[in-house]
Amino acid sequence: MAASSGDGGSKGKKGGRRHVYRSGATGCGGGGPVQVDKRMEERPCPYCDRVFKQVGRWQDHLQKKHPQEHQEQLEKEKQEKREEQPSSAYPQKTPRQFLHDWCQKNKRPNPKYSPREETGPDDKPRWKCKVALPSTKAPKDDIVRFTQRTYETKEEAMQRAALAALQHVMGGRSMHVILPHAYREEWLDLERQSKERSERQEKNKEVKEGKKEREKRHADRAARQAPQVVVMTEERRKEVEEALKGVRGRQIASIKTSSSQDVPGDAGKLVAEELVALGFRVEDVNLAIAALEDRGAIDLEPAIDWICLHADERHLPRQYAPLGASGAPVRVLHSAEQDEQERLGENPDLYYLVSCGYPVKLAESALESAHGNRRVALSSLYDKLAGIPTGGERGDGVDETWEEECWVLRSVYGEDMEYIPPGLMTIALDCSEDQWEDTGGDTSVQVDVFKPLSGTYPHALPTLALRSPALTAGQRLLLTKYLAEASKKLVGDVMVFALLDQLSQLYFEVKSQEISAYSLLSDTANTTRTKAINDQPKQRRTPGNVAGRSSRTHGKRSSQLENDRLLEWHRRLESCPSHAFMRKIRQGLPAYQKREATLELIRDNLVLVLSGETGCGKSTQLPQYILEEAIENGRGSSCNIICTQPRRISAIGLASRVAAERAESVGEVVGYSVRLENRSSPKTRLLYCTTGVLLRRLLNDPSLSGTTHIVVDEVHERSLDSDLLLLLLRDLLVVRPDLKLILMSATANADLFAAYFEKVPRCRGCVAKETIPGFTFPVQDFFLEDIVEAFSYRPTHRSGTFTKGDAQRPRGASERGTKSPASLHGYQESTVESLRAMSFDSIDYELLEHTISFLCTREGPALLGSRQTADLEQGALLVFLPGAAEISRLKTRLASSTSLSNALGSSSKVQIYALHGAMQSSEQQAVFQKQKKGVRKIVIATNVAETSITIDDVTCVIDTGKHKEMTYDAERGVATLKEAWVSKASARQRRGRAGRVCAGVCLKLYTRSKHDSLEEYQEPEIRRVPLESLCLQVKKILGGSIHRHLNLCLSPPANKAVEEALSNLVTAQAIDREGELTPLGQHLSLMPVDVHIGKMLVYGVLLRCLDPILTIAAALSGHWPFLSTLGRDDEDRKARNQLAGASNQSDHLAVVAAYNGWLRCKTSSKKTSKASREFCEAYLLSEQALVAIHKLRHDLASVLADVGFLPRDLLRQLNSNAVDGEGSSRTLLSDFGDVGRIVKAVICAAFYPKLVRVEHPATKYKQTQGGTVAEEASPQSIKFFTRDLGRVFVHPSSVNFSSGRFESGWLVYTNIVQTSKVFVRESSMVPAYAILFFGGAITVKHDEGLVLVDQWAKFRAPARIAVLVRELRAEVDSLLLSKISSPTLELSDSPVVEVLLGLLQNNGF
């Protein structure tokens, strides 16, 4: 075997040296010198005196003790080594060589150098160089570079030029490593410059791209916000011109004559030059200047308006004329008649006097002499007309005869007679009723009878004012004069009824005469007819209960008879054996023990604050004690008690209870009055009513004449109406010291209310407080932890949260590592874990079902630990939930609950009742019925069951602790109805429902610690709701400053909320800029509805589409018929679109279609409700809401009839169930009920400025077989904006949510809420003309061709059309004001109204 060693691989001899290794110089095992081991050699430290024998320790020492010096030494050695090293071990390439190689590699021609010699500053030659890298394609692609400086040699300049070119083509590489040392710094400098240049270019590129993007966005936004074009065809323009001509009258001839003779002044010349420069004809300019000079003001824009309105549109400049204009000339001038109409519209007092027949000039003079007092001015005009001497002494006493005759006339004329204290009777007569044949036409007369300003009636003559649309001004005054002369013969006797009788006889005789109003008021008036009347024998009719002059005596005798009757009945009740049981029950109440003490406090004080615990009998007994005391003292007929309740069910229930205790029928001595439901009579001495009803009475009778006692029950609830009532009563006590006020509640803060009335100087020292102990059976409280522990409830879902006040368990925390809250100590761990798993943000229906089921078992009450097991097994359950939707959901769940069925067993049944404020009175009364044996009664109610009602068989209350509460953000104008926790006061009231007739239990589905954290009282409603209606009522009743009055409330609202409300009222035209009520505001203040809904009803009458408006108003009043199903918005929306039609794009019209369809099913199958029920199921409708809408429509129509906007015969027709083939009822006031654009225009008029601007994306087109068509945008790409809130979103349940195109670009909304976003819930697309005619102020920009509404809503229209729209708008406003001021005014034949309806209906086409 041969062995190889080293390089040569020579053979070794046997026994030779082995295992000896050498290392050659090449490291390949060659025979180099033997390596010497220097590891043990001593090494001194160069920086100190230390010496080391090991290399490793020496290195460690240098690094630890001398790191800086050692590092500097190493750098120095490296630098010296580089300097000693030759420039290159190998020859280095120059820049020119590198550039040449690059050209060869990229197949480009060789570089071309162009050196140039220059003379330097020192007169020595210097060199520059240009290098070009030619391109094989085109010279424009050549790469050319220059040197930046000059150099001493030509070669150096060429090398530097090559370096610059090289950096251009090979930049970004580490060439400085391989370039000669002399070029390295310049290469790095070129790299830095290139990098900076690239950064600048990139930045400039970003700037340009950003600019392009902004320009694109601006273009897109301009396309999105492009104003809608207002279309008005030539035919429509002619109609508008004719209508304006008919209203304004005069022709242009007089202007033409004057303009040819007069020379315009300097101002007129300047304006004329500008007009001619704009392209208007000289003839038209001269006419415009002449017309403006007649008015006394010359300006450019009015001149353009005048020309656009009057000149032939074919002669207008292109930018001012409609496209294709070729219409006939318009002859519309500003006339004296128009000035007069404007003057009348601005002054309601002047308008009233003129409507009574008095000439404008005389009426103005009379008002000026009377310092604006309408009553004094009318009296002076009437005295002049009738020849009655003036200057008599003003009567100071109370005219008892006047009051008695008012009472008699009210009984004769009923609803046609209205008494407005202190001295006005208004009677509506129809003179055709006394004719044998129908005369046709309007024969109505409204007679205003004013009590004499001087003297005492009937020894002084009353003032008469007649208004009739069928009579001329002269005929009205002639009829008034005849009646005035007749009244002179009746001085000293009651005369109003006789005069009204004579008016009916004289009406048609006067109507046949033609006479001037001025001639009747002149000194030489014709007295022939007057003399004839005076010569006639006195013939008059008197009502059966009036006996001539003995009326006063008769009234006193009637009062005494009533006193005797009441006293006799009272004594009979007190001694009747059959009534003994009722007397015993009443005497057993705690209130009876305090009877005498309470009555004494009422006698000695003006105000009594009574704190009576639940069950003490304060609501039923105290009003009776007051009445019984008056009867016993012989003053029963003069006693008049009003007891207010917060809810209608309480008022009805209490009236029924008290009437039963008195063994009488409701409506006799004891009655009730709730919204549009009245059970009272002239005999009624104790009236239970809702707070709103008393407020309505205060509007008509601010002094509450005849009322002796006001009892405000449940005053702790602090509703908007109750706070307003306290404010009004506080002021009323100053002028009515004989009025007694009693405030009652079980949980009120008595000191707070007492201090409020003590601040009134008249009441100081006359405010008393009294407390009556309660009479309730024991009620055991069980909180959620008790319920979970007793029933072993385990939720099937986890939320990981506790209520506020409990400890919150962190997510992911171990069960053993989490401590239980202190309130849960002593409970099982499983109970604590169940509570941790439960959510308290919403109603837990699973827990409710489980709890109710266990309570219906025999062992349930025992497991709970209740001491009233037997009572709980037999008694009814009362469950409190926040609202009607929650009630319906639980009722449906319980009806199909297997656990409840198993708990009851086969021998028992369950009867479930709902109870909430939206139900009718008859439906609410069903909950008071007692069930048969074997039937378990469950009542599910809102907070209407908290107070003043007693469900006798309730032994168990289940309180969820929640209710619905309205909150309002005045800053943003957003109202939100949300679930909120109740107060402790409400919780106590709910608890007390279980202990009214026997011992009971209260199960609170929240923890004990949550109960402890509840607020003591709920925040007053006046601080969390919109205040428009409140401001109107305060202004109507109290007048003066609304701010000042509201600051006197028990809890004054925020100034911001009041300012927002006033601003909204100004926008709604309910008050003017000075804060005074407008004619519309006068009507709205008398309507018990929201301001916007009231205005919608009025405009529904004006635009003859009342039927659908009634439906929409009823739905918006809290009865929205569409069911919202969680997670099924698409199905909900599809159902609405099927009803209303997607083209309407209106949630409100969907409601109308739903109601009409349901009503058609209801009337077509009277014997069964199957068809209507199937209709509701198919379209996801709430039949309960539709029934409520049907009934509320009647109520709303009655409101319109009460304020005079709806005749009674049409009211009956509207309330009938007859429907046409399309499913909508038809009346004379619903001619346009099926025209969607007009209906939506009414909604816009009522709810403006609640507008949403629609922004569409840029239009995209797609290719089809028929050509290119516009593609409908995706609904998600459409954006919506409001003026104040910015961007908003359409709610997913709205029909407009899935719309990809809106024709008009504008929506009107009636409800906006904020959850995760700001959502518009109910909306309707409105036409442009609706906004132009019923929106804000119009501004015309002639040159730009724009029309602006309130400087926000923009529309594109030529100046000609824009001016026509604005002028027509002025006429429409004037007509509507006249109609609102006088509801009986007929507008159906007005050409302006017809043109308006035509434009709205056809959208200008």
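Conventions and cut-offs
Residues numbered from 1 in each chain as written. Predicted model: local features only at pLDDT ≥ 70, side-chain atom pairs only at ≥ 80, totals over all residues. Heavy atoms only, no water. Helix = DSSP H or I, 4+ residues; strand = E, 2+ residues; numbered from the N terminus. Buried < 20%, exposed > 50% of the residue type's maximum accessible area, 1.4 Å probe, protein only. Contact = heavy atoms within 4.5 Å. Areas by Shrake-Rupley, 256 points an atom, 1.4 Å probe, with all protein chains shown as cover. Expected span 1.5 Å × (residues − 1). Arc of directions from axis to C-beta. Salt bridge = Lys/Arg side-chain N within 4 Å of Asp/Glu carboxyl O. Pairing = 2+ DSSP bridges. Axes fitted to C-alpha atoms, helices over the stretch in contact; angles between N-to-C directions. Phe/Tyr/Trp six-rings, centres within 6.5 Å; stacked < 30°, edge-to-face > 60°. Lys NZ or Arg CZ within 6 Å of the ring centre and 35° of its normal. pLDDT = per-residue confidence, 0-100.

Caption draft 1: Local environment of the overall build of the protein chain. When helices and strands are tallied, the protein chain shows 53 helices and 36 strands. Looking at the protein chain residue by residue over its 1405 residues, the buried ones come to 50%. Considering only contacts in the protein chain between residues 6 or more positions apart, those separated by 24 or more positions represent 68%. For the protein chain, the accessible area works out to roughly 68700 Å², and carbon and sulfur atoms hold 49% of it.

Caption draft 2: Geometry of helix 34 (residues 884-895). Over its 12 residues, helix 34 extends 16 Å from the first C-alpha to the last, a length consistent with the 16 Å expected when each residue adds 1.5 Å. Residues of helix 34 that are buried: E886, I887, L890 and L894. Projected down its long axis, helix 34 shows its buried positions confined to an angular sector of 100°, all on one face. Exposed positions of helix 34 whose direction lies more than 90 degrees from the buried face are A885, R889, T892 and A895.

Caption draft 3: Structural view of helix 41 (residues 1055-1067). For helix 41, built from 13 residues, the straight-helix expectation of 18 Å at 1.5 Å per residue is met to within 8% by its first-to-last C-alpha distance of 18 Å. All buried positions along helix 41 are accounted for by A1057, V1058, A1061, L1062, N1064, L1065 and V1066. Of the residues one or two after helix 41, Q1069 is the one with positive phi, at around 65°.

Caption draft 4: Main features of the pattern of salt bridges. Following the criterion strictly, the structure yields 53 salt bridges and no others. D305 is paired through a salt bridge with R1366; the nearest N and O atoms lie 2.3 Å apart. With D305 in helix 10 (residues 300-310) and R1366 in helix 52 (residues 1359-1381), this pair connects stretches of sequence that are 1061 residues apart. Given the relative accessible area of 22%, R1366 is considered partly exposed. One salt bridge in this structure joins D953 and K937, with 3.3 Å as the shortest N-O distance. Here the residue D953 occupies a position in the loop between strand 22 (935-941) and strand 23 (954-959), and K937 occupies one in strand 22, the gap between them amounting to 16 residues. Grouping residues by exposure puts D953 and K937 together as buried. Salt bridges sharing partners connect three or more residues here, namely R586, R595, E596, E628, R657 and E661.

Caption draft 5: Region of the structure containing the side chain of E886. Mapped onto the elements, E886 comes out in helix 34. On the accessibility criterion, E886 (10% relative accessible area) is buried. Leave out the neighbours within four places in its chain, and E886 touches Y845, L881, K964 and E979.

Caption draft 6: Quick peek at the environment of A1135. Assignment of secondary structure puts A1135 in helix 45 (residues 1129-1140). Since its relative accessible area comes to 5%, A1135 is described here as buried. In the structure, A1135 is positioned 43 residues away from A1178 in sequence and 7.9 Å away in space, judged by C-alpha atoms. Contact partners of A1135, with chain neighbours within four places excluded, come to Y1179 and L1180.

Caption draft 7: Seen up close, the sheet that holds strand 5 (residues 143-146). Pairing is antiparallel in the open sheet, where 3 strands are placed in the order 3-4-5. The open sheet terminates on both sides in strands that have one partner only, identified here as strand 3 (112-119) and strand 5. Here the strands of the sheet are splayed against their neighbours by 20° on average, with no regard to which way each runs. Bridging between strand 4 (residues 125-133) and strand 5 involves 4 bridges; their strand directions are antiparallel. Paired with V131 across the strands is R145, a residue of strand 5. Packing against the sheet, helix 3 (residues 95-105) makes contact with strand 3 and strand 4, and its axis sits at approximately 15° to strand 4.

Caption draft 8: Highlighting the packing of aromatic side chains. Inspection of the entire model under this criterion finds 14 aromatic pairs. Residues Y507 and F508 carry aromatic rings whose centres are separated by 5.0 Å and whose planes lie at 85° to one another, so their mutual orientation is edge-to-face. Residue classification places Y507 among the buried residues on the basis of a relative accessible area of 0%. Under the relative-accessibility criterion, F508 is labelled partly exposed at 22%. Each ring, one from W981 and one from Y1006, has its centre 5.8 Å from the other, and the planes form 75°; the classification is edge-to-face. A residue pair is termed long-range when its members are at least 10 positions apart, and W981 in strand 25 (residues 974-981) and Y1006 in the loop between strand 26 (1000-1004) and helix 38 (1008-1013) qualify at 25 residues. Every member of this aromatic cluster is reached through a ring pair, and the members are W1306, W1352 and F1355. The residue whose ring lies beneath R43 is W58, and the NZ or CZ to ring-centre distance is 5.3 Å. Its guanidinium or amino end placed over the ring of F1289, K1317 lies 4.4 Å from that ring's centre, counting from NZ or CZ.

Caption draft 9: Inspection of the confidence of the model for the protein chain at higher detail. Confidence in the prediction of the protein chain, expressed as mean pLDDT, is 79, and 81% of residues score 70 or more. Here helix 19 (residues 528-535) is the element of the protein chain with the lowest mean pLDDT, 38, and strand 16 (residues 709-712) is the one with the highest, 95. This stretch, residues 798-819, has a pLDDT under 50; its non-local contacts, to residues over four places away or in other chains, come to 49 contacts. Within the model, the stretch residues 1217-1225 combines pLDDT values under 50 with 17 contacts to residues more than four positions away or in other chains.

Caption draft 10: How the structure looks around the pairing of strand 8 (residues 424-430). The buried count for strand 8 comes to 5 of 7 residues, which makes it a mostly enclosed element. Looking at chain direction, strand 7 (residues 417-420) and strand 8 are connected through 4 bridges and run antiparallel. If you follow M417 over to strand 8, its bridge partner there is I427. A loop of 3 residues connects strand 7 with strand 8, the two strands running antiparallel in sequence. Inspection of the sheet shows strand 8 paired to strand 9 (residues 444-450) by 7 bridges, in the antiparallel sense. Note that in strand 9 the partner of I427 across the bridge is V447.

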